[in-house]
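# An overview of the molecular structure
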Amino acid sequence: MSKNTVVKTEQPDFSEVVHLITAARQHAYQAVNTTLIELYWQVGAYISNKIKAAEWGDGVVDALAKHLALTQPNLKGFTRPNLFRMRQFYETYQGDQIVSALLRQLPWTHNLIILSRSKHPEEREFYLRMAVQEKWSSRELERQFTTALFERVILNPVKVSPAVTLLHPDALSVFKDSYIVDFLNLPEQHSEADLHKGLLTKLKHFLLELGRDFCFVGSEFPVQVGKQDFALDLLFFHRGLNALVAIELKVDKFQPEHLGKLNFYLEALDRDHKKPHENPAIGVLLCASKDDEVVEYALSRSLSPAMIAEYQTQLPDKKLLQAKLHEFYMLNLAQEGEV
């Protein structure tokens, strides 16, 4: 070997160390957050019990805030409004052990958003569970309220084929009946190419709307069957379901014949692209609109794990949805009274 020969050495793989550091930081953050939420809970309980026992009036809370500001000048978050929020926090969730476990997994900001914007106990629990599951930022959580996710999920459960329930029972909590794509700023009259291009351009926003664990695989994904070439609009992989997810786009109203092409793609994916350890592929037909009765008929005898959803280019009328949800609750109460 000559003196000028340079011996190349491989760069050591430090990824495991980085992972350990990241995991430790996350654990430390979670531990601090849990302790903080527990403190707020205890302070809220103390104030609540004092007021209920008529030992304190609301004015004492103001005095407490001033006392803390004077004696603990470096202490943040114990203003008069926040002390009353702690009291409300405790009084809202006391006695509910299942929900109280979720509270401690979320930052105080998230808890305040859910506490202030939810109108029903079921709605609070829904957003608590979803925020923990999806790991939403506070901004993303605000968006879910703006898009009336709870109302949409309760009023319009996702429409799936029997094969989805059989092969992917967890999919019912992953997919939605409608997806809000207002971030595309599409005109009322738009083409499939416009929709496709917009989703690719705003892929990060679309992934957030789809939900956690979706990974993008490809656009116009090539599928070859026999001597013919086909192109699947969008292909994703869902880590939790361990399955490929095919999405076909339609800018018109759902028609039963649309389902045939989606089923064809699912068969091709399972035969030629699915890895041995993966579950069968799932298909989503994303349409501009749909008739739920037509969807039910079309899916009832489908042998493929497929579902029909619609996309909305504008934010829904939340007041209208809330009114419908109120009617829904009233109808359920009336039916329970008849039993």
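Placed above this text is the structure.
All residue numbers refer to positions counted from 1 along the written sequence of the respective chain. Local features are withheld for residues below a pLDDT of 70 in this predicted model, meaning they are given only at 70 or higher, and side-chain atom pairs are given and counted only at 80 or more; totals for whole chains, interfaces and linings count all residues. Values shown for side chains rest on all heavy atoms present in the structure; no hydrogens or waters enter the calculation.

Helix and strand content of the protein: 14 helices and seven strands. Only C-alpha atoms enter the radius of gyration; for comparison, a globular chain is expected to reach 2.2 Å times N to the power 0.38, where N is the number of residues. Scaling as 2.2 N^0.38, a compact globule of 339 residues should have a C-alpha radius of gyration of about 20 Å, whereas the protein reaches 26 Å, well beyond that. Considering only C-alpha atoms, the protein reaches an extent of 90 × 85 × 40 Å along its principal axes. Each residue's exposure class comes from its accessible area (1.4 Å probe, protein chains only) as a fraction of the maximum for that residue type: buried when under 20%, exposed when over 50%, partly exposed otherwise. Per-residue burial over the protein gives 40% buried out of 339 residues. Total accessible area on the protein stands at roughly 20000 Å², and carbon and sulfur atoms take up 54% of it. Measuring between centres, the 38 positive side-chain charges of the protein sit 8 Å from its 43 negative side-chain charges. In this description a helix means any DSSP run of H or I spanning at least four residues, a strand means any run of E spanning at least two, and both kinds are numbered starting from the N terminus. For the area figures, the Shrake-Rupley method with a 1.4 Å probe applies, and any residue is considered shielded solely by the protein chains shown. The positive count covers Lys and Arg only, the negative count covers Asp and Glu only, and His and the chain ends enter neither. The location of each charge is read from NZ of Lys, CZ of Arg, CG of Asp or CD of Glu.

The buried count for strand S7 (residues 306-312) comes to six of seven residues, which makes it a mostly enclosed element. For two strands to count as paired, DSSP must find a minimum of two bridges between them. Summarising the sheet, strand S1 (residues 159-160) and S7 pair through two bridges and their orientation is antiparallel. For Val 160, the partnering residue across the bridge sits in S7 and is Met 307. Of the strand pairs in this sheet, strand S2 (residues 178-180) and S7 are connected by three bridges, and their pairing is parallel. Note on S7: the bridge partner recorded for Ser 178 is Glu 310. Examined bridge by bridge, strand S6 (residues 279-289) and S7 share five bridges and lie parallel to one another. Looking across to S7, one finds that Gly 283 is bridged to Ala 306.

Looking now at the pairing of strand S4 (residues 228-238). Within a regular strand, the side chains alternate between the two sheet faces. Direction of pairing for strand S3 (residues 214-225) relative to S4: antiparallel, over a ladder of 10 bridges. The residue bridging Pro 222 from the neighbouring strand is Ala 231, located in S4. Count of turn residues in the S3/S4 antiparallel hairpin: two residues, of which Gly 226 carries a positive phi of about 60°. As paired strands, S4 and strand S5 (residues 243-253) are joined by five bridges and run antiparallel to one another.

We now examine the nonpolar core. By convention a nonpolar core is built from buried Ala, Val, Leu, Ile, Met, Phe, Trp, Tyr and Cys residues, the set being connected through side-chain atoms within 4.5 Å. Judged by nonpolar contacts, the single largest core of 38 residues is most densely connected at Leu 83, Phe 89, Tyr 93, Ile 114, Tyr 127 and Leu 128. Residues within four places of Tyr 127 in sequence aside, it is in contact with Ile 114, Ser 118, Trp 136, Leu 141, Gln 144, Phe 145, Ala 148, Leu 149, Phe 150 and Glu 151. Any two residues whose heavy atoms approach within 4.5 Å at even a single point are treated as in contact.

This part covers the pattern of salt bridges. Any carboxyl oxygen of Asp or Glu within 4 Å of a side-chain nitrogen of Lys or Arg constitutes a salt bridge here. Tallying each qualifying case throughout the model produces 16 salt bridges. In this structure, Asp 292 and Lys 159 form a salt bridge, with 3.9 Å as the shortest nitrogen-oxygen distance. Linking Asp 292 in helix H13 (residues 292-300) with Lys 159 in strand S1, this pair joins segments that are 133 residues apart in sequence. A relative accessible area of 19% means that Lys 159 is categorised as buried.

Turning our attention to unusual backbone geometry. Look at Asn 185: it is not a glycine, yet its phi comes out positive at around 55°. Along the polypeptide, Asn 185 turns up in the loop between S2 and helix H10 (192-201). Its identity as a non-glycine residue notwithstanding, Asp 213 has a phi of 80°, on the positive side. You can see Asp 213 is positioned in the loop between helix H11 (203-210) and S3. Classification of Asp 213 as partly exposed rests on a relative accessible area of 24%.

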